[in-house]
Amino acid sequence: MSALPESSRALPEDAHSDSDSGSSTSDPLDLSKDEGWEDVEQDEEESQPIVSLFSDKVFPDARSMLNDCKENFNFDLLKVQKELGLDFLGTIRLVNYIRSEVKAGNTTPDVSSASLFDDAKYLRPLLEDDALLYSLDDLTEEVVGDGKGKQAETAGSTTRIRELEEELERMRGDFEEYKTIVKRSLDKELSNTAASASGKSEASASGKFHEAESGYFTSYSYNAIHESMLKDSVRTDAYRDFIYDNKSLFKDKVVLDVGCGTGILSMFCAKAGAKMVIAVDNSDIIDRAREIVYDNGFGDVIKCIRGKIEEVQLPVPQVDVIVSEWMGYCLLFEAMFDSVIWARDRYLAPDGLMVPSHATLQIAPLADPDLVDSHISFWNSVYGFKMSSMLLNIYDEALVRCIPKPEETIVAKASPFLQLPLHTITVEELTFIKEFEVTLNADIDALDGWVVWFDMFFMPSRTSKVSENAVPADMRKEGLVAFSTGPFDTETHWQQGVFLINREKKAGLPLKKGQVIKGHVEYRKKDEKSRLLDIGIDWDVEGVEEGGRQEWSLQ
Ligand code: SAH
């Protein structure tokens, strides 16, 4: 996790984006191609015997193992499956539950209710390479096939057949997803083994990249971060209001939720009438999302898929709407928008809609001696101790703070320095140098720094325009949906980016109301695939010897 405030959006050490997935092609350990799974699957089928649910005995196939369980342990897996109405994942959980109970010494596990094993932990194979799990698909198909035949014969009902076919289709989808889960844990184990065998995992750039990536997604697996996002009502209300106020844009549409987290945006869309919502997330939070979706009765509409959006296979070639909450500190920290752009270019229909649709970055000058005192001078005496060594490189890091008393400390109307039309902007345009210009609205003793924030707009059409000077609060009065993360509006978990000017060598000069400051803001990723951001600002005050250039890291 980053050293940023707990309530903020999380980010681990040097996490990287992987939007071009370039590293995978040359990685000999990369099993992300389909063939990787096929190999594993075929091997299992050819050579992996099935271990009994109740003993160490092995059987050549699932059916003979299950017969043995019936005869010798009075346990009929298919009967339990049928009685409890278990779907594919339910059956997986049952198998792993039984195996864990037997392992713990209980050879007569209680299977009276599915709630006994209704826990995501039972999705993880208890036995390494458990060939029984790979065979469930066939067993399940047989059961479904039987039911279909009987039903058709007795009732002659084509509706029932169609229902069963749909169920089979869903089970197939579940099975595909389960294969992906198993493949991933196999991938992880293989790359760990190979890394420790080569003895230089830490040194290798690709090792570091994978570590940072997995750290990034791990940071999204905890409750706290989702709690802080969901409780950020400025943020969550905006998505809800746009979706509920514009139901016609979602009715009968296929929606892609990039980075679904707990599934909140997917459920808004489902409630607004979407025909299908594909909810993708590469964090373990997806297991929670899947349960949340089922618990709220959206199991038929929302399809949860684990994986990076750049790597998963979607069940459709094209979507009508992409909804995503991808914004990081100073908008582009985390580089998640790169992934959303990737998804947009790959899946969004030519007339499809991005939600949200526009963003604007703003900068304003700061004159706040109290903040400088509390952040810099503070270290000169902490409980009476000198901690000046803590001042080393202190000006190199950007702060993420809510500016208190902005009406006194933000000393000019903000200047918008980049407008992002989210339907068309490219990843290349997210690295930039842009001009800004502000006019001081007060006399100040010195310029202490710069404050950066962003505004978000949710327009109902891809051709809607948002002017550079659009004010979210004014747009809301017109019935549109927009919000600002700026210091004059309700606080959000993004707070503001604060860039303090290094005054170690050169003190700031007093400046007068009406003086114009012109400058540039530069946004650059720390390195090619980094999720971290370096921000540079240069400025000049007209007619005065005050100006400079400085770089800060946001990490
Ligand atoms: N949509 C949720 C969560 C937003 S946080 C909400 O609004 O509350 C962003 C989520 O995107 C995280 O859960 C993170 O794991 C996921 N994410 C980021 N990049 C991703 C990628 N490339 N592929 C899949 N998921 C991604």
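Residues numbered from 1 in each chain as written. Predicted model: local features only at pLDDT ≥ 70, side-chain atom pairs only at ≥ 80, totals over all residues. Heavy atoms only, no water.

If you look at the biggest cluster of nonpolar residues, it comprises 101 residues, and the most contacted ones within it are Leu-256, Trp-450 and Tyr-523. A total of 6 residues in this core trace back to one element, the largest contributor, which is helix α13 (residues 336-347). When residues of this core are assigned to domains, at least three map to each of domain 2 (227-355) and domain 3 (358-554). When residues no more than four places from it in sequence are discounted, the contact partners of Leu-256 are Ile-278, Val-280, Ile-309, Leu-314, Val-319, Val-321, Ile-322, Val-323, Ala-343 and Tyr-347. Cys-69, Leu-78, Leu-89 and Tyr-122 belong to the second-largest nonpolar core, a separate cluster that totals 32 residues. (Core = buried A, V, L, I, M, F, W, Y, C linked by side-chain atoms within 4.5 Å. Buried < 20%, exposed > 50% of the residue type's maximum accessible area, 1.4 Å probe, protein only. Helix = DSSP H or I, 4+ residues; strand = E, 2+ residues; numbered from the N terminus. Domains from an automatic or database assignment. Contact = heavy atoms within 4.5 Å.)

This part is about the confidence of the model for the protein. For the protein, per-residue confidence averages 86 on the pLDDT scale, and residues scoring 70 or more make up 82% of the total. In this model, residues 10-45 is a region of pLDDT below 50 whose contacts with residues beyond four sequence positions or in other chains number 85 contacts. Note that residues 193-202 has pLDDT below 50 and, in this model, 5 contacts with residues that lie over four places away or in other chains. (pLDDT = per-residue confidence, 0-100.)

Working definition: the covalent bond between the sulfur atoms of two cysteines is a disulfide. Scanning the entire structure with this criterion turns up 0 disulfides. We note that Cys-260 lacks a disulfide partner, and the nearest cysteine sulfur, in Cys-304, lies 5.5 Å from it. (Disulfide = S-S within 2.5 Å.)

Taken together, the side chains of Asp-370, Asp-373, Glu-407 and Glu-408 present a region of like negative charge at the surface. Secondary-structure elements contributing two or more residues to the negative patch are α14 (369-375) and α15 (406-409). Mapped onto the elements of the fold, Asp-373 is located in helix α14. (Patch = residues over 30% accessible without salt bridge, like charges linked within 9 Å, V, L, I, M, F, W, Y side chains within 5 Å. Areas by Shrake-Rupley, 256 points an atom, 1.4 Å probe, with all protein chains shown as cover. Salt bridge = Lys/Arg side-chain N within 4 Å of Asp/Glu carboxyl O. Lys, Arg positive; Asp, Glu negative; His and termini not counted. Charge placed at Lys NZ, Arg CZ, Asp CG, Glu CD.)

Let's shift gears to the packing of helix α9 (residues 223-231) against helix α10 (residues 233-245). Relative orientation of the contacting elements α9 and α10 amounts to 65 degrees, with a least axis distance of 5 Å. It follows from the interaxial angle that α9 and α10 lie roughly perpendicular. Along its contact with α9, which presents Met-229, Leu-230 and Lys-231, the element α10 presents Ser-233, Arg-235 and Thr-236. Counted by class, the contact of α9 with α10 contains 2 nonpolar, 2 polar and 2 charged residues. (Axes fitted to C-alpha atoms, helices over the stretch in contact; angles between N-to-C directions. Parallel < 35°, antiparallel > 145°, perpendicular 65-115°, else oblique. Nonpolar A, V, L, I, M, F, W, Y, C, P; charged D, E, K, R; others polar.)

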